[in-house]
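Below, each chain spelled out in residue letters.
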Amino acid sequence: MSPIALLLIFVVTVAAMEGFAYVMHRWVMHGPGWFLHASHHRPRTGWFEANDLYFVIFAMPSILLLLGGVQWGWGNWATACGAGIAAYGAIYLGFHDIIVHQRVKHRYVARSRYMKRIVQAHRLHHAVETKEGTVSFGFLIAPHPTTLKRDLARRNRAGVRAPVISADPAPRH
């Protein structure tokens, strides 16, 4: 298979993973898989949460395709596809766990319109702590925050988490 065809398989796989992630997040994680995902909509009490098992589960097809392509003779297409899934996982880890949820402390501040939109959409998703009533299930592609806020208001803010009130009345600069 030509390098251009393999690159195309890789790029298409990365792009398709956003659709796959949306479907899994919307109808599995906020459906029958809520028993794991619920931990992600609550304050984390340690380094890991039950939701982290999804990262392992979703890595399995990538590992299988990489092994199949490299070790078991399935062909380079399998390696390119497995690498695309792994690349999406790395992008997701960087955006979701590091930038949005700051599981690794950093000083990055979203400044571009795109990054601000993605971060705000994900925060609006987490404003709801219940299985139902949540908005914005994609990650790299998200509706405009104004649309999401309107959707939350239309649902009478059902499931929206109560505002966090600081015990320290002093303003922070």
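(A) Region of interest: the packing of helix α5 (residues 113–126) against helix α6 (residues 145–154). Two elements in contact, α5 and α6, have axes whose closest approach is 9 Å; the angle formed by their N-to-C orientations is 10°. Considered as vectors, α5 and α6 are oriented roughly parallel to each other. Contacts between α5 and α6 involve R117, Q120, A121 and L124 on the former and, on the latter, P145, L148, K149 and L152. Taken together, the residues that form the contact of α5 with α6 break down as five nonpolar, one polar and two charged.

(B) The arrangement of the packing of aromatic side chains in detail. Under the definition given, this model contains seven aromatic pairs. Between Y22 and W27 the ring centres are 5.9 Å apart and the planes differ by 70°, which places this aromatic pair in the edge-to-face class. Take Y22: its relative accessible area is 34%, and that puts it in the partly exposed class. Relative accessible area serves as the criterion here: at 51%, W27 is assigned to the exposed category. Taking 6.1 Å as the distance between ring centres and 85° as the angle between the ring planes, the aromatic pair formed by Y22 and F137 counts as edge-to-face. With a gap of 115 residues between them, Y22 in helix α1 (residues 3–29) and F137 in the loop between α5 and α6 connect regions that are remote in the sequence. On the accessibility criterion, F137 (9% relative accessible area) is buried.

Cut-offs used in this document
Residues numbered from 1 in each chain as written. Predicted model: local features only at pLDDT ≥ 70, side-chain atom pairs only at ≥ 80, totals over all residues. Heavy atoms only, no water. Axes fitted to C-alpha atoms, helices over the stretch in contact; angles between N-to-C directions. Helix = DSSP H or I, 4+ residues; strand = E, 2+ residues; numbered from the N terminus. Parallel < 35°, antiparallel > 145°, perpendicular 65-115°, else oblique. Contact = heavy atoms within 4.5 Å. Nonpolar A, V, L, I, M, F, W, Y, C, P; charged D, E, K, R; others polar. Phe/Tyr/Trp six-rings, centres within 6.5 Å; stacked < 30°, edge-to-face > 60°. Buried < 20%, exposed > 50% of the residue type's maximum accessible area, 1.4 Å probe, protein only.

Honestly, that's just the spatial picture; any functional story needs more than this.
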